[in-house]
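Notes for the structure review
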Amino acid sequence: MICLTRSTSARKSGVNSARSIPPSAPGSPPPGKTRSLVYGLQPRATQGMLDFDYSCGRDTPLAAAMIYPFGSHHIQKFYWGTKAALLLVYTSVEEAVKKHPDADVVINFAPSCSVYSSTLDIMRFSSQIKKVAIIAEGVPERHAREILHLAKEEDILIVGPTTVGGIKAGCFKVCNSGGMMDNIIASKLYRAGSVGYVSKSGGMFNELNNILSLVTNSTYEGIAIGGDRYPGSTFIDHLLRYEADPDCKMLVLLGEVGGIEEYRVIDAVKLGKVRKPIVAWAIGTCAKMFATEVQFRRAGSMANLLMETVDTKNAAMKATRIVAPEMFEDLPDVLRETCNVLVARGAVRPKPEREPPVIPMDYKWAQELGLIRKPAAFVSTISDERSHELLYEDIGLVPQSLPSIPIQRPGTRLTRPTVQVILKFESDF
């Protein structure tokens, strides 16, 4: 068993334990060394992030510790490859930030009712925390707007609300982005590509990873900004980051019906702020087939004006140097052609493939898939618990009109009605 934090005795003495992984020095972490704090108990999502980090060959995982204000200090058990790993769980953001000065990202799993208060608490430490991902859906728009306003004042990048997170291939992933490990391996997200993209849809986020792995040299970084009416960050915020990153050679934008954020990208292209090749498309073309405007699940996915329809957006993008397909089915071909041009110019150089490490499958998941079987731990020849009702000698243990039960005397044998009632009483508990 290994510990992914510093032990209590090590913290007191100032000496790193041989069984722990010490945090890096304070300041901006180098590429591939980003550390985060996980707000809320989400063991499955956290384990998925650790598995991805392990497949990428990281020395330390993205998650440095967890925060859960509604309990006491304790330790959560995870796996780092095949070895057991421990993460400390703190009861306050302040304590977690102090103990982990290398963590500059917080993944906020708080429910919509407490997102506002928890995010404000996190933003009090803006000198260290520079990025916050808000996963919850249904955050009140007034709260989302206030969070956005305060984040701009504190110079904090917000991703979400209503987001599946983001992923930087070969470095780290946030929340459940990228799907399960078999999909991550198939999409080649364990090593860096050259394409940076931004999307609203979480489902299309994973589909883009698959498409890019088939027709380009795969994903460099991807962000799902969320589908709310007031997202913490917009398309142009992330595209400008990609534009300034020399390792990102090609940009992809996947918009949708509703909102006007695509027009800010169009203006940036016209003004020369975005110079790299960019492929874009707005999904939701079926909206015109309905007699009235349709709300596509998320709050921001509804066209209230003509300029918010996908046909108008796609036409406006085609009028610039943005490469836009005629329909979504043509998107893979357009991506392939654009990437081939970059390869021909020498801007993109295909990298040799490497075999990712094998991630062990969890026992419960393997059992659900029918890949393994486990012998019964208890065998009974008189009772049967395999059906929805407990049976005793083929008699259902249901409330029945039974005679009064005599008090058992030492050395006497229980009658069948007595045994039946006792078993029924035990099954209720």
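The structure this text deals with has already been given above.
A few points on the structure. Only a predicted model underlies this, so the values are computations on that prediction, with no experimental measurement involved. Sequence order as written defines residue numbering, which begins from 1 separately in each chain. Reporting of local features is limited, given that this is a predicted model, to residues whose pLDDT is at least 70; pairs of side-chain atoms are given and counted only at 80 or more, and all residues count toward the totals for whole chains, interfaces and linings. No hydrogens and no water enter the side-chain calculation; it runs on all heavy atoms of the structure.

Overview of the overall build of the protein chain
Note the cut-off: Secondary structure counts use DSSP, requiring at least four H or I residues in a row for a helix and at least two E residues in a row for a strand, with both numbered from the N terminus. Buried, partly exposed and exposed residues are distinguished by accessible area as a fraction of the type maximum, computed with a 1.4 Å probe on protein chains only: under 20%, between the cut-offs, and over 50%, respectively.
Scanning the protein chain from terminus to terminus reveals 13 helices and 17 strands. Of all 429 residues assigned to the protein chain, the portion counted as buried reaches 46%.

Remarks on unusual backbone geometry
Note the cis peptide between Gly-160 and Pro-161, where omega equals 0°. Relative to the helices and strands, Pro-161 is located in the loop between β8 (157-159) and β9 (166-168). Phi at Asp-155 is positive, roughly 60°, even though this residue is not glycine. Residue classification places Asp-155 among the exposed positions, given a relative accessible area of 60%. The backbone phi angle of Thr-162 is positive, close to 55°, even though this residue is not glycine. For Thr-162, a relative accessible area of 11% gives the class buried.

Points about the state of the cysteines
Threshold: Here, a disulfide means two cysteine sulfur atoms that sit within 2.5 Å of each other.
This model, assessed by the stated rule, comprises 0 disulfides. Cys-171 supplies the cysteine sulfur nearest to Cys-56, a cysteine that is in no disulfide, at a spacing of 7.1 Å.

Comments concerning empty space enclosed by the protein
The condition that has to hold: Whether a set of points on the 1 Å grid over the protein atoms alone is a cavity depends on a 1.4 Å probe fitting there but being unable to get out, while an open set qualifies as a pocket with protein on both sides within 12 Å along at least five of seven lines; lining residues are those with an atom within 4 Å of a point. Grid points are joined across faces, edges and corners, and a volume is the space filled by probe spheres set on the points. Polar here means any residue other than Ala, Val, Leu, Ile, Met, Phe, Trp, Tyr, Cys and Pro, which are nonpolar, and Asp, Glu, Lys and Arg, which are charged; Gly is therefore polar.
Overall, the coordinates contain 1 cavity of 30 Å³ or more when judged by the stated rule. Size it by volume and the largest cavity reaches roughly 40 Å³. Here the lining of the largest cavity gets 3 residues from one element, more than from any other, and that element is helix α5 (residues 141-154). Its residues assigned to classes, the lining of the largest cavity shows 8 nonpolar, 2 polar and no charged.

Brief notes about the sheet that holds strand β11 (residues 195-199)
Stated precisely, the cut-off is as follows: Criterion used throughout: strands pair if DSSP finds at least two bridges between them. Should any heavy atoms of two residues lie within 4.5 Å, those residues are counted as being in contact. Here an axis means a line fitted to C-alpha atoms, over the contact stretch when the element is a helix, while the angle between two N-to-C directions is reported on a 0 to 180 degree scale.
The sheet built from 6 strands is open, its strands ordered β10-β9-β12-β11-β13-β14 with mixed pairing. Of all strands in the sheet, those bounded by a partner on one side alone are β10 (172-173) and β14 (278-283). Set on the sheet, helix α8 (residues 235-244) makes contact with β11, β12 (219-224), β13 (250-256) and β14; between it and β13 the angle comes to about 175°.

With respect to the layout of surface pockets
By volume, the largest pocket amounts to about 950 Å³. Lining of the largest pocket is provided by 26 residues; of these, Arg-44, Asp-51, Met-180, Asp-362 and Trp-365 occupy positions nearest its centre. Looking at the lining of the largest pocket, the elements that each hand over two or more residues are α2 (43-56), β4 (74-80), α6 (181-186) and α12 (363-368). Top contributing element to the lining of the largest pocket by residue count: α2, with 6 residues. Of the residues contributing to the lining of the largest pocket, the split by class is 14 nonpolar, 4 polar and 8 charged.

Comments concerning the packing of aromatic side chains
Put simply, the test is: Ring pairs shown here join Phe, Tyr and Trp side chains whose ring centres sit within 6.5 Å, with only the six-membered ring taken for Trp; geometry is labelled stacked below 30 degrees between planes, edge-to-face above 60, and tilted in between. Put simply, a charge is over a ring when the Lys NZ or the Arg CZ is close to the ring centre, within 6 Å, and near the line of the ring normal, within 35 degrees.
Scanning the model with the defined rule gives 3 aromatic pairs in all. Between Tyr-68 and Phe-70 the ring centres are 5.6 Å apart and the planes differ by 75°, which places this aromatic pair in the edge-to-face class. Taking the relative accessible area as the measure of exposure, Tyr-68 reaches 27% and is therefore partly exposed. What makes Phe-70 exposed here is its relative accessible area of 65%. Its guanidinium or amino end placed over the ring of Tyr-230, Arg-145 lies 5.0 Å from that ring's centre, counting from NZ or CZ.

What to know about the pattern of salt bridges
Opposite charge on two side chains permits them to pair, given that their charged atoms come into close proximity. Under the convention used in this document: By convention in these notes, a salt bridge is any Lys or Arg side-chain nitrogen within 4 Å of a carboxyl oxygen on Asp or Glu.
Taken as a whole and judged by the stated rule, the model has 13 salt bridges. Note that Asp-121 is salt-bridged to Arg-124, the shortest N-O span being 2.8 Å. Overall, Asp-121 belongs to the partly exposed group, its relative accessible area being 23%. Overall, the relative accessible area of 53% leaves Arg-124 in the exposed class. For Glu-261, the salt bridge goes to Arg-264, with nearest N and O atoms at 3.4 Å. Taken together, the residues span about one helical turn, with Glu-261 and Arg-264 both in helix α9 (residues 261-270) at a distance of 3 residues. Take Arg-264: its relative accessible area is 44%, and that puts it in the partly exposed class. Each member of the salt-bridge network shares a partner with another, and the members are Lys-188, Arg-191 and Glu-353.

Observations concerning the packing of helix α4 (residues 115-123) against α5
The cut-off we apply is this: Any angle that is under 35 degrees is reported as roughly parallel, and any over 145 degrees as roughly antiparallel; angles of 65 to 115 degrees are reported as roughly perpendicular and all others as oblique.
Running from amino to carboxyl end, α4 crosses α5 at an angle of 5°, the nearest separation of the two axes being 10 Å. For the element pair α4 / α5, the angle class is roughly parallel. Seen from α4, the contacting residues are Val-115, Tyr-116, Thr-119, Leu-120 and Met-123; seen from α5, they are His-143, Glu-146, Ile-147, Leu-150, Ala-151 and Glu-154.

Some details on the pairing of β12
Put simply, the rule reads: For a crossover, the right-handed case is the one in which the path from the first strand over the helix to the second runs clockwise, viewed with the strands pointing away from the viewer.
With 6 of its 6 residues buried, β12 lies for the most part within the structure. The pairing of β9 with β12 spans 3 bridges and is classified as antiparallel. Looking at the pairing, Ile-167 lines up with Gly-222 of β12. Sheet topology places β11 next to β12; 5 bridges connect them, and they run parallel. Counterpart to Tyr-197 in the pairing with β12 is Gly-222. Each parallel crossover has a hand, and the one from β11 via helix α7 (residues 202-215) to β12 is right-handed.

Some words on the packing of α9 against helix α10 (residues 310-318)
Direction vectors running N to C along α9 and α10 enclose 5°, while the axes themselves pass 10 Å from each other. By the criterion of interaxial angle, the relationship of α9 to α10 is roughly parallel. Residue-level inspection shows Glu-262, Tyr-263 and Ile-266 of α9 in contact with α10, the latter providing Thr-312, Lys-313, Ala-316 and Met-317. Classifying every residue of the contact of α9 with α10 gives 4 nonpolar, 1 polar and 2 charged.

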